[in-house]
Amino acid sequence: MATVTETEAGTMVAPRTYGLFIDGAEEVPADDVIERVAPGTGRVVARYTNATTGDMERAIRAARRAFDEGPWPHLTGMDRGRMILRFAEGLKANRDRLAEIEAEEVGKPIRMARGDVDNSVGMFEFAAGLAMSMHGDIHTNLGDDFVGLVTREPAGVAGLVTPWNFPLLLLAQKLPFAIGAGCTTVAKPASVTAGTTLEVARIAAEVGLPAGVYNVVTGGGGKVGRYLAESHDVDMVSFTGSTDTGRQVIEASKANLKRVSMELGGKSANIVLDDADLDDAIDGVMFGIFFNTGQCCVSGSRLLVQESIADAFLARLVDRVRALKVGPPLDESNDLGAIIHEEHLGKILEYVEVARHDGSRILTGGDRLTDGACADGIFMCPTVIDDVRPESRVFQEEIFGPVLAVTRFNDVEEAIRLANDVEYGLGNTVWTKNIDRAMRVARAVRSGTCWVNTTIDGAPQLPGGGTRASGFGREMGQAGFDEFTEVKTIQIRLGKRKPYFAL
């Protein structure tokens, strides 16, 4: 295995090496490290400290001390907002570096990684405004001698657990909202894609974020992640990841009944009705499943297409899919990048075999790519599977790869029933030019988000999250900010008390 990386210019550079970031300082890397082999090239690109539970305890103590004794929770909202804006400027200044790290470690195309950085900047900027305008309510109509105050206070120490597919963007959906509310934080990134989370810690030090407000501990989720969820000194956990791991976090958090926010798996449907703009729908369906190589919790992994247009729609779709370029992430021309690791590719290919066994038709793809620029990495052909039955595992289970499962329907009612016929409820999409049908579907599908004539779209102002097995709680928007606050009621009686008991 190579222990150096090679730039496009041909010079050799050592892998990026990181220590933990605790109490405002980056520590010397430990001897026990996790090596990240880039899935797009097969080269070692980073080494992270494989932390112990003792390391996590030190980070939690730093965050606890910063909340209980430090200045951060007591600053004005304006001051916290200004700091977060400086943070956003730091992200902008490091855009190219952050994008390259994200592309290498995750395997995603570089142009998509740049988009992740830009969207992360927007999250910080919006959260800064929410910090500046954070407020409570006052009730003055309770009588002349009674006033009620409803205040919002920071929830305390927040654990931020993020997955491997969008390390920076999903951190940005948590961190600025948490610190904007006045919380202090301990971040636990996925063990194989921790680079940008640690780069953000370096930016935090550069812009002057007080010590202990943002701490980063790297390592296995089963060890240090569980310790974070179990700790009595952590007041809440914001988790993004698989449904199975989310259940483990909920179980671990029960010891002190801490609040948890869960953004979990999905099996989103792209519903194409017969009156849709088909050019838009084809492009949207492709984006919905092949964005980030299908490794996205809100991927439109099920295509529900009306029977009357299905054959023509699929013929055009498959032609477009076959023209997509797959290859190393730093090649600007590639549309799809690498699969995160070999084990995950094996899981995806197993689902393709399940589809074959079920009698579904592989219209394109279904295989690993090993030729040319793909020879040294972990790549898969974009795949479209037709005639997938609702009872099939391919229809019901999250594949998390570039595999589109196609099921046909006859009318709107059947489309809604099929869309809801899974345990998940994260996002769905409907393509139609009829506003009545659009609203009928949007209201009837059981998911935290429904897109109409767009997909995997959004803005920092709009909350996102799931229902059912896709979790609970919200990120982004005012609702995402409020997740990191506690509501307190202060009741004030004026004047002399009227005796309740006779004197």
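As shown above, the structure is provided for reference.
Q: Help me out: how do you make sense of the overall build of the protein in this one?
A: What the protein contains, in helices and strands, is 16 helices and 27 strands. Here the C-alpha atoms of the protein give a radius of gyration of 24 Å, agreeing with the 23 Å that 2.2 N^0.38 yields for 503 residues. For the protein, the C-alpha atoms occupy an extent of roughly 85 × 60 × 40 Å along the three principal directions. In the protein, buried positions account for 56% of the 503 residues. At a minimum sequence separation of 6, the contacts of the protein that also span at least 24 residues come to 72%. Accessible area for the protein stands at about 20600 Å²; split by element, carbon and sulfur atoms hold 51% of it. For the protein, the separation between the mean place of its 53 positive charges and that of its 70 negative charges on side chains is 5 Å.

Q: Hey, could you run me through the sheet that holds strand β27 (residues 485-493) in this one?
A: In sheet architecture, strand pairing relies on hydrogen bonds along the backbone and comes in two forms, parallel and antiparallel. Read from one edge to the other, the open sheet built from three strands follows the order β8-β9-β27, with strand pairing classed as antiparallel. Each of the sheet's edge strands pairs with one partner strand only, and the pair in question is β8 (137-139) and β27. Across the sheet, the axes of successive neighbouring strands diverge by a mean angle of 15 degrees, strand direction being ignored. For β8 and strand β9 (residues 146-154), the ladder comprises three bridges, and the chain directions are antiparallel. Its bridge partner lying in β9, I138 is registered against L149.

Q: It is not clear to me how the pairing of strand β20 (residues 383-386) should be interpreted in this structure. Could you clarify?
A: As a general feature of sheets, a regular strand has side chains that alternate between the two faces. The alternating pattern of β20 places T383 and I385 and V384 and D386 on opposite faces, both of which are buried. One ladder, built from three bridges, connects strand β17 (residues 361-364) with β20; its direction is antiparallel. In the sheet register, T364 faces β20, and the bridge partner there is V384. Here three bridges tie β20 to strand β21 (residues 403-409), and the two strands are oriented parallel to one another. Residue V384 lies in a different strand from β21, and its bridge partner there is L404.

Q: Teacher, can you tell me more about helix α7 (residues 195-207) here?
A: Within an α-helix, residues lying three or four positions from one another point in the same direction, as the helix has 3.6 residues per turn. If you check α7, its first and last C-alpha atoms are 19 Å apart, about what 13 residues at 1.5 Å a residue would give, namely 18 Å. Taken across its 13 residues, α7 has 10 buried, putting it largely inside the fold. Count one or two residues on from α7 and you reach G208, which has phi positive near 90 degrees.

Q: So what exactly am I meant to see when it comes to the nonpolar core here?
A: Residues F87, L175, L209, Y214 and F484 are the most contacted members of the largest nonpolar core, which totals 55 residues. Examining the composition of this core, we find that 10 residues originate from one element, helix α4 (residues 110-133), more than from any other. The contacts of L209, once residues within four sequence positions are left out, are W72, M83, F87, I179, A204 and Y214.

Q: Sorry if this is basic, but what is going on with the pattern of salt bridges here?
A: Oppositely charged side chains can pair when the atoms bearing their charge come close. Using the criterion set out here, one finds 43 salt bridges in the structure. Across the salt bridge formed by K92 and E89, the nearest N and O atoms sit 3.1 Å from each other. With a gap of three residues between them, K92 and E89 both fall in helix α2 (residues 77-93), about one helical turn apart. Classification of E89 as partly exposed rests on a relative accessible area of 45%. Note on K92: relative accessible area 40%, which makes it partly exposed. Within this structure, E307, D311, R361, D386, D387 and R408 form a network of salt bridges that share partners.

Q: In this structure, what is going on with the side chain of S231? I would like to understand it.
A: If you trace the backbone, S231 turns up in the loop between α8 (221-230) and β13 (236-240). Classification of S231 as buried rests on a relative accessible area of 8%. Beyond its immediate stretch of four places on either side in the chain, S231 contacts I60, N256 and K258.

Q: In this structure, what is going on with the packing of aromatic side chains? I would like to understand it.
A: For any pair of aromatic rings, geometry is given as the distance between the ring centres together with the angle between the planes. Going through the model one piece at a time under the given rule, you end up with seven aromatic pairs. For the ring pair Y500 and F501, a centre distance of 5.0 Å and an interplane angle of 85 degrees mean the geometry is edge-to-face. According to the relative accessible area criterion, Y500 is exposed, its value standing at 68%. Judged by relative accessible area, which is 65%, F501 ranks as exposed. Three or more aromatic residues link up through ring pairs in this structure, and these residues are F166, F287 and F291. Between the NZ or CZ atom of R302 and the centre of the ring of F395, over which it lies, the distance is 4.8 Å. The cationic tip of R493 hangs over the ring face of F146; the distance from NZ or CZ to the ring centre is 4.1 Å.

Criteria and thresholds
Residues numbered from 1 in each chain as written. Predicted model: local features only at pLDDT ≥ 70, side-chain atom pairs only at ≥ 80, totals over all residues. Heavy atoms only, no water. Helix = DSSP H or I, 4+ residues; strand = E, 2+ residues; numbered from the N terminus. Rg over C-alpha atoms; globule rule 2.2 N^0.38 Å. Buried < 20%, exposed > 50% of the residue type's maximum accessible area, 1.4 Å probe, protein only. Contact = heavy atoms within 4.5 Å. Areas by Shrake-Rupley, 256 points an atom, 1.4 Å probe, with all protein chains shown as cover. Lys, Arg positive; Asp, Glu negative; His and termini not counted. Charge placed at Lys NZ, Arg CZ, Asp CG, Glu CD. Pairing = 2+ DSSP bridges. Axes fitted to C-alpha atoms, helices over the stretch in contact; angles between N-to-C directions. Expected span 1.5 Å × (residues − 1). Core = buried A, V, L, I, M, F, W, Y, C linked by side-chain atoms within 4.5 Å. Salt bridge = Lys/Arg side-chain N within 4 Å of Asp/Glu carboxyl O. Phe/Tyr/Trp six-rings, centres within 6.5 Å; stacked < 30°, edge-to-face > 60°. Lys NZ or Arg CZ within 6 Å of the ring centre and 35° of its normal.

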